[in-house]
Structures are given as C-alpha cells and as structure tokens.
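Inside the fold
Letter by letter, the chains look like this.
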Amino acid sequence: MSTMLEVSGLTHQYGQGERAHVAVQDLTFSIEAGQLACIVGPSGCGKSTLLRCISGLIEATGGSVRLHGDEVSGVPDDLAVVFQDYSRSLFPWLTVAKNVEFPLRWQKVSKAERTRRAAEVLEAVGLAGVGKKFPWQLSGGMQQRVSIARALVGRPALLLMDEPFASVDAQTRGELEDLTRTVQRDLGSTILLVTHDIDESVYLADRVLVLSKSPASIVADLSIDLPAERDQITTRESERFVALRGEVARLLQSPRAQRTAEAEQAGEGSADSAGSADSELTTADT
Ligand SMILES: Nc1ncnc2c1ncn2[C@@H]1O[C@H](COP(=O)(O)OP(=O)(O)O)[C@@H](O)[C@H]1O
Ligand SMILES: [Mg+2]
C-alpha cells in the first residue's frame with residue numbers, strides 16, 4: 001500500500017495575541033491509499049480545523065500536509081470534501097445532475113462526458129433517475145447522497161468527510177454509513193472521516209484515530225479488526241464491536257485525552273472568544 005496522506009506536526013492557531021486559540025497541536029499521522037480511516041474526538045476539539053487544513057481551505061500555522069507526496073498549498077484538484085450541512089452545500093437553483101457535474105466544469109471534460117459521469121455516480125449512491133429534480137425536492141438523506149456523489153464525480157484521490165451524517169435521522173444515518181463503505185470498496189477510494197460519534201467511527205472504519213480535547217492531539221491509533229462485511233444489527237451486537245467501542249470510549253476519557261482542561265483553566269480562550277469563533281465557523285462551512 002502506498003501512502004496517500006502524510007500530516008506532520010500540523011498545528012493551527014486562530015487569531016493572535018490575547019485572542020489566540022490553538023485548535024490543533026502537533027498532529028502527525030498518515031493514511032494509506034484505499035484506507036477508510038475515522039478520526040473521533042469530542043465537539044470543539046479541532047476536527048473541522050484539521051480537515052480544513054488538510055484540504056487547503058485554510059493554511060495551517062505550523063507543520064505540513066502532503067497528498068501522494070505533494071505538499072498541499074491551496075485546494076488540490078484531486079481532493080473532495082463532504083460537509084455536515086448538506087442543505088447549505090448544494091446549489092438550490094441547479095438540478096441534482098447539474099450539482100453533481102459542477103466540479104467537472106473546471107476540468108477538461110466534455111459536456112457529454114460530464115453528463116455520463118454524473119449519472120454514473122448518482123447510480124453508485126442509489127439515486128439513479130433523480131438527476132432532473134432539485135435538491136430541495138429530496139429528503140435530507142437523499143441530499144447528503146447528492147453531496148457524496150458530487151464529491152466522487154471528480155474521482156478524488158482522497159475524500160474528506162466532516163461529520164457527514166450528523167444532521168440526518170438514525171435510520172438514514174445507518175444507510176449512509178453502509179453506502180460509504182460500499183462506495184469505498186467499489187471505487188477503491190481513500191476516505192478520512194471525522195465524527196464525534198464513537199459507535200459510528202468503529203462501525204465505519206478500518207482504523208480509528210482518537211483525538212484529545214482541544215487543542216487536538218492523537219491519543220491512540222486503533223486498527224479495527226471487524227469483518228469487512230458489516231451489518232447495522234449483527235456487527236453492532238458482536239462482542240468485538242462492543243469491546244472496540246468500549247476501548248475508544250475509555251481512551252476518550254483517559255487523562256491524556258482530557259489533559260488540556262488544565263490549559264483551558266490557565267486562561268486560554270475565553271467563553272466570549274469561543275462564541276464568536278463558532279459563528280465564524282458556521283459561515284466558513286457554507
Ligand atoms: N474561524 C475560527 N476562528 C476562531 N476560532 C475558531 C474558528 N473555527 C473554530 N475555532 C475554534 O477552534 C476550536 C476547534 O474548532 P473545530 O475545529 O470546529 O472543532 P470540531 O470540528 O472538533 O468541533 C473551537 O474551540 C472553535 O471555537
Ligand atoms: Mg466540526
């Protein structure tokens with residue numbers, strides 16, 4: 001297996017001086033090609049910041065990111081991101097097919113080829129035949145499938161997913177988790193997905209990286225030795241699944257994962273600045 005993503009010493013600090021807030025601190029890990037890796041960590045620990053640095057949407061204040069060996073500066077062509085908020089990431093004035101084709105407009109792909117590839121990925125996510133509808137005519141789960149199709153249409157070397165199923169109901173969530181594993185297997189994609197949900201990380205991944213509280217650092221790197229074929233009911237009932245989710249939960253509660261509470265008490269990031277940061281964050285997601 002070749003290395004797809006190498007993150008070394010990645011650090012990101014928002015703001016300067018008194019309002020400075022270190023969101024991610026000295027993260028080092030790599031992801032092999034064809035792997036489905038999950039990063040699990042508590043809300044606010046720096047997961048979205050990490051994905052934004054990897055995708056080149058923001059420039060990290062320290063460290064480096066390499067995608068198949070090339071240093072990332074700016075958004076690479078062969079990388080795609082799926083955000084949590086599908087309702088704001090699709091264009092309401094474009095049909096589903098046009099939304100999915102959108103990233104190909106900047107590539108040398110003929111109109112006929114764009115149409116063909118959009119239809120192909122829509123079929124891969126179980127949405128054959130809905131291309132002519134508008135996103136707002138679809139359920140939340142279907143809209144998130146459209147976002148996934150749009151991310152896949154450019155055949156990205158790396159697909160980043162930021163809590164992609166956090167806004168859908170439990171049953172749809174299960175369907176989308178299974179879809180992600182199927183698509184990853186069928187297309188041989190490399191996927192890095194972040195979530196705050198322990199069960200989801202274990203169910204989905206080949207490998208789980210556990211993050212500490214803010215500023216995020218890696219507490220553990222677990223290989224998920226569950227069978228490749230997973231089932232929402234039987235896998236989640238299995239002894240191995242229960243043991244793994246217990247292990248991740250314990251790691252998240254371990255002193256190492258909690259260690260930054262002291263740093264916070266020492267006066268880093270007032271409630272005020274965290275509040276304004278969150279509103280900036282919401283805007284940045286759109
Ligand atoms: N644009 C921003 N400006 C300042 N602080 C930010 C910004 N975005 C996020 N933060 C802060 O960085 C920390 C990590 O945020 P984030 O990466 O969104 O965490 P997560 O995705 O794990 O919930 C939080 O304390 C958040 O308030
Ligand atoms: Mg986030």
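Residues numbered from 1 in each chain as written. Chains lettered and ligands numbered in written order. Predicted model: local features only at pLDDT ≥ 70, side-chain atom pairs only at ≥ 80, totals over all residues.

An unreviewed UniProt entry annotates the protein as NitT/TauT family transport system ATP-binding protein originating from Prauserella rugosa.

Side note on the confidence of the model for the protein
Low pLDDT marks regions whose predicted coordinates should not be analysed in detail. Across the protein, the average pLDDT comes to 88, with 90% of residues at or above 70. When the criterion is pLDDT under 50, residues 267-286 qualifies, and its contacts beyond four places in sequence or with other chains add up to 13 contacts. (pLDDT = per-residue confidence, 0-100. Contact = placed C-beta atoms within 7 Å.)

Overview of helix H1 (residues 47-54)
In terms of burial, H1 is largely enclosed, as eight of its eight residues are buried. The set of residues buried in H1 consists of Lys47, Ser48, Thr49, Leu50, Leu51, Arg52, Cys53 and Ile54. Looking one or two residues past H1, glycine 56 carries a phi angle of roughly 75°, positive in sign. (Buried ≥ 20, exposed ≤ 12 C-beta atoms within 10 Å, placed from the backbone. Helix = DSSP H or I, 4+ residues; strand = E, 2+ residues; numbered from the N terminus.)

Topic: unusual backbone geometry
Negative phi characterises most residues that are not glycine, and trans characterises most peptide bonds. Residue proline 215 follows serine 214 across a cis peptide bond; omega there is -5°. The backbone of arginine 155 sits at a positive phi, close to 45°, despite the residue not being glycine. Take arginine 155: it is sitting in the loop between helix H5 (140-152) and strand S7 (158-162). Of note, glutamate 163 is a non-glycine position whose phi angle comes to about 40°, a positive value.

Section: the sheet that holds strand S1 (residues 3-14)
The strand order S2-S1-S4-S5 describes an open sheet built from four strands, whose pairing is antiparallel. This sheet does not close on itself; its edge strands, each paired only once, are strand S2 (21-32) and strand S5 (70-71). Bridge count between strand S4 (residues 62-67) and S5: two bridges; the pairing is antiparallel. What sits directly across from arginine 66, in S5, is glutamate 71. (Pairing = 2+ DSSP bridges.)

Observations concerning the nonpolar core
In this structure, Ile54, Val100, Ala149, Leu160, Leu192, Val208 and Val210 are the most contacted members of the largest nonpolar core, which totals 69 residues. Once residues within four sequence positions are removed from consideration, alanine 149 is found in contact with Val100, Val121, Leu122, Val125 and Leu127. (Core = buried A, V, L, I, M, F, W, Y, C linked by C-beta atoms within 7 Å.)

So, helix H4 (residues 111-124)
For an α-helix, 3.6 residues make a turn, and residues three or four places apart therefore share a direction. Taking 1.5 Å of rise per residue, the 14 residues of H4 would be expected to cover 20 Å, and the 20 Å separating its terminal C-alpha atoms lies within 8% of that figure. Those residues of H4 not exposed but buried are Arg114, Ala118, Val121 and Leu122. Looking straight down H4, one finds its buried side chains confined to an arc of 105°; they lie on one side. When the buried face of H4 is taken as reference, the exposed residues oriented beyond 90 degrees from it are Ala112 and Arg116. Residues of H4 that are buried make contact with helix H3 (96-101) and H5. Phi turns positive, to about 75°, at glycine 126, one or two residues after H4. (Expected span 1.5 Å × (residues − 1). Arc of directions from axis to C-beta.)

Quick notes on the environment of valine 219
Position of valine 219 relative to the elements: it lies in strand S10 (residues 218-223). Separated by 19 residues in the primary sequence, valine 219 and serine 238 place their C-alpha atoms 25 Å from one another. For valine 219, the residues in contact, after removing those within four places along its chain, are Val210, Leu211, Ser212, Leu251, Ser254, Arg256 and Ala257.

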